[in-house]
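One-letter residues, chain by chain:
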Amino acid sequence: MHILYLLYPQVAVENEGRADSVSSTPTKSRFTSKFDSIKSLGKGAFGRVYKVREILRNKKYAVKIVRVKNKKALREVRALSDLRHHSIVGYYTCWMEDTGYMQNSSADSCSSQESPPILEFLYIQMELCGSKTLKHWIKQRNAKTLQDSQRRQESLTIAQQIVSGVEYIHSKVLIHRDLKPANIMFGPDGAVKIGDFGLVTADDVDDENPMERTNETGTFFYMAPEQLETIYDRKVDIFAFGLIYFELLWKLSTGHERAEVFKDARNQKFPKELPLTFTQEEQLMRSMLCKEPKQRPEASALKVELEKLAHTLNPLKTKHQQNVTSDSHTSRRL
Ligand code: ATP
Ligand code: MG
């Protein structure tokens, strides 16, 4: 267990702004009792996320705690630790803890290769994002009457950052598989941050040898039709992005309306007013939501199209200015 102790960073939970005292011996019980007692940043199907403060650096981070049932739980850290991109949540480190917090450390020593300790919780230390996700952003925009042009501009800026992150993920031969507004956050400066790589998988498929995948569900609402089957590729992320872009742009007032309109949008049927106001976007969304994955554009091609659209909507902006905007900021903070 000593080896594991060395891996524990000096992290204390931020608790009502009060500084916790630093212990020179990081202990498992110290983490757990405090994690249990504070309000989490978020809770999803796979884990809980907490706001923590690292004592040595006096910096705040997010720590996600995932129960490790099998080696698949590790894929999130394995993927995240290889990704460095301004539109993807930053990864710092990870460690594991078992559930027997009161156990005697000598009793579960790592020294025996034959009987390794049962480690059941994976802690992932990440960049701390704002508490409001893109889901909140959409909800907020739907609650007020904005000028179409303003929402259009904001949506485009966000979409450009998402597609830039997706292009990067795909360039690393990975598929996110669970793109949805609740998994997209904002950094302290308002920049988009794609998170939740819990379903990430390798995109090692080619046309001759399509890869058979175990059937793991993402979020049905945003899921490409073929994702319900076992053979699919990175284009499932493009389908989800098409729906996200639609939701960014189009005001949906009630949950019922959202369910109905989404069902149609998944079949490339959009509200009839959409192409009148958002001609270019409608064409892009239509291509992203093609039933046939091969007909959906690559993220790199979409990025170019969105840049062109940004240029059309803002002809006075120079290309350089546009890149700066799309790479680092949304037009408005949450
Ligand atoms: P689900 O399976 O429901 O999509 P999950 O269990 O895999 O979720 P995450 O989506 O990673 O967990 O996180 C759950 C929530 O925690 C997010 O929706 C977000 O509100 C919050 N959260 C996650 N990561 C961070 C972070 N780095 N900074 C701030 N908040 C975060
Ligand atoms: Mg999630």
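Residues numbered from 1 in each chain as written. Chains lettered and ligands numbered in written order. Predicted model: local features only at pLDDT ≥ 70, side-chain atom pairs only at ≥ 80, totals over all residues. Heavy atoms only, no water.

Description of the coordination of the magnesium ion (ligand 2)
- Within the first shell, the magnesium ion (ligand 2) binds the protein through Asn 183 (OD1) and Asp 196 (OD), at distances of 2.1 Å. Separated by 13 residues along the polypeptide, Asn 183 in the loop between strand S7 (174-175) and strand S8 (184-186) and Asp 196 in the loop between strand S9 (192-194) and strand S10 (201-202) bring together distant segments of the chain. Summarising the burial analysis for this pair, Asn 183 and Asp 196 share the class buried. (Donors = N, O, S within 2.8 Å, 3.2 Å for Na, K, Ca; no water. Helix = DSSP H or I, 4+ residues; strand = E, 2+ residues; numbered from the N terminus. Buried < 20%, exposed > 50% of the residue type's maximum accessible area, 1.4 Å probe, protein only.)

Focus on the packing of helix H6 (residues 235-249) against helix H10 (residues 299-313)
- Running from amino to carboxyl end, H6 crosses H10 at an angle of 25°, the nearest separation of the two axes being 11 Å. By the angle class used here, H6 and H10 are roughly parallel. Pair H6 / H10 crosses with right-handed handedness. Listed contacts from H10 to Ile 238, Phe 241 and Tyr 245 of H6 are Ala 299, Leu 302, Leu 306 and Leu 309.
- Considered class by class, the residues forming the contact of H6 with H10 number seven nonpolar, no polar and no charged. (Axes fitted to C-alpha atoms, helices over the stretch in contact; angles between N-to-C directions. Parallel < 35°, antiparallel > 145°, perpendicular 65-115°, else oblique. Left-handed = near helix turned anticlockwise from the far one by under 90°. Contact = heavy atoms within 4.5 Å. Nonpolar A, V, L, I, M, F, W, Y, C, P; charged D, E, K, R; others polar.)

Comments concerning the nonpolar core
- By size, the foremost hydrophobic cluster in this structure holds 70 residues, and its most contacted members are Leu 134, Ile 162, Tyr 245 and Phe 246.
- Ranked by the residues each element gives to this core, the list is headed by H6, at eleven residues.
- Taken domain by domain, the makeup of this core includes at least three residues from each of domain 1 (3-20 + 38-126) and domain 2 (134-323).
- Sequence-distant contacts of Phe 246, defined by excluding residues within four places in its chain, comprise Val 261, Phe 262, Ala 265, Phe 270, Pro 271, Leu 274 and Met 285.
- Among the nonpolar cores identified, the runner-up in size contains eight residues, and Tyr 50, Val 52, Tyr 61 and Trp 95 belong to it. (Core = buried A, V, L, I, M, F, W, Y, C linked by side-chain atoms within 4.5 Å. Domains from an automatic or database assignment.)

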